[in-house]
Amino acid sequence: VDELQASLDKAERLGGKTVVPPSPLPGDWGSFAILADPDGLYALSLARAANRTWIGGNNDWNSSTANWTGGDEPDADDVAIFNTPNSVDMVAIGHGTQTILGLTMSGGISLDTNGNDLDVWGLVQLSGDSTDLFVRGSLLTADRITINSGADITLIGGQITVDGTSGTGLFD
């Protein structure tokens, strides 16, 4: 399905029940969920990851779905890609936590969480000069984080939790 959570919501309105909520598949392949129909039969639903690339210039994350390729803001089924020298602020999210499958930043983008938690089920990857992720007063949770030459993650009263099982690096 294209939008896993929307499909589950529709199934529940029709009498079904979510048994396993949307969960990531290994290797950033997408996500899955299991639901039961009103008769107790189980169904597996899969959503392949979609790339949602920022095209909104200097703007707020969800000020308009037109800021994203495909006309849809990234969610738990999607990889958010920022590759332009813009400033993006998550202040307009409003619900506190944005869950996405992956985050790729390059090209001098500046992203500020601005008090909104960011839950990334897969890889957070930053690369290139002046590519900056500001975790301001919020929590960044990710399975893996890669910070390449020239890129930075800055904590401003924020926290990072990495769920991966191993890795090396230096935070200063």
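Every value quoted in this text rests on a predicted model; they were computed, and no experiment measured them.

On to the environment of D60, then. Looking at where D60 falls in the secondary structure, it is placed in strand β5 (residues 59–60). With 30 residues separating them along the chain, D60 and M90 place their C-alpha atoms 5.7 Å apart.

Let us look at the side chain of T53. Within the secondary structure, T53 is located in strand β4 (residues 50–53). When sequence neighbours within four positions are dropped, the list of residues in contact with T53 reads N67, W68, T69, I81 and N83.

This paragraph deals with the packing of aromatic side chains. Applying the stated criterion across every chain yields a total of 5 aromatic pairs. Ring centres of W54 and W68 lie 5.0 Å apart, and the angle between their planes is 80°; this geometry places the pair in the edge-to-face category. With a gap of 14 residues between them, W54 in the loop between β4 and β5 and W68 in the loop between β5 and β6 (78–82) connect regions that are remote in the sequence. Residues W54 and W68 agree in their burial class; the two are buried. Ring centres 5.8 Å apart and planes at 35° place the aromatic pair W54 and F82 in the tilted group. You can see W54 sitting in the loop between β4 and β5 and its partner F82 sitting in strand β6, a full 28 residues away along the chain. Relative accessible area serves as the criterion here: at 1%, W54 is assigned to the buried category. Aromatic rings pair up to connect W54, W61, W68 and F82 into one cluster.

A few words now on the environment of N114. Relative to the helices and strands, N114 resides in the loop between β10 (110–112) and β11 (117–126). Overall, N114 belongs to the partly exposed group, its relative accessible area being 29%. Residues N114 and I156, spaced 42 residues apart in sequence, show a C-alpha to C-alpha distance of 9.3 Å. Apart from residues no more than four positions distant in its own chain, N114 is found in contact with D89, V91 and R136. Of the polar contacts made by the side chain of N114, one reaches the side chain of D89; its length is 3.1 Å.

With respect to topology, 5 strands assemble into an open sheet ordered β5-β7-β10-β12-β14, the strand pairing being parallel. The sheet is open, and its two edges are formed by β5 and β14 (151–156), each paired on a single side. For β5 and strand β7 (residues 87–89), the ladder comprises 2 bridges, and the chain directions are parallel. Pairing of N59 across the sheet is with V88, part of β7.

Further remarks concern the pattern of salt bridges. Pairing between side chains of opposite charge can happen when their charged atoms approach one another. Under the criterion given, the structure shown has 4 salt bridges. In this structure, D72 engages R52 in a salt bridge whose closest nitrogen and oxygen atoms are separated by 3.5 Å. Pair noted here: D72 is in the loop between β5 and β6 and R52 is in strand β4, with a separation of 20 residues, a long-range link. Residues R136 and D112 are paired through a salt bridge, measuring 2.7 Å at the closest nitrogen-oxygen approach.

Next up on the list: the nonpolar core. Residues W61, F82, L103, L111 and L133 are the most contacted members of the largest nonpolar core, which totals 22 residues. Going through the elements one at a time, β6, β9 (102–105), β11, β12 (131–136), β13 (139–147) and β14 are the ones with two or more residues in this core. With 4 residues, the top contributor of residues to this core is β11. Ignoring anything within four residues of it in the chain, the contact list for L111 reads W61, F82, V88, M90, L103, M105, D132, L133 and F134.

Rules behind the numbers
Residues numbered from 1 in each chain as written. Predicted model: local features only at pLDDT ≥ 70, side-chain atom pairs only at ≥ 80, totals over all residues. Heavy atoms only, no water. Helix = DSSP H or I, 4+ residues; strand = E, 2+ residues; numbered from the N terminus. Contact = heavy atoms within 4.5 Å. Phe/Tyr/Trp six-rings, centres within 6.5 Å; stacked < 30°, edge-to-face > 60°. Buried < 20%, exposed > 50% of the residue type's maximum accessible area, 1.4 Å probe, protein only. Polar contact = N/O pair within 3.5 Å; in protein donor to acceptor, adjacent residues only side chain to side chain. Pairing = 2+ DSSP bridges. Salt bridge = Lys/Arg side-chain N within 4 Å of Asp/Glu carboxyl O. Core = buried A, V, L, I, M, F, W, Y, C linked by side-chain atoms within 4.5 Å.

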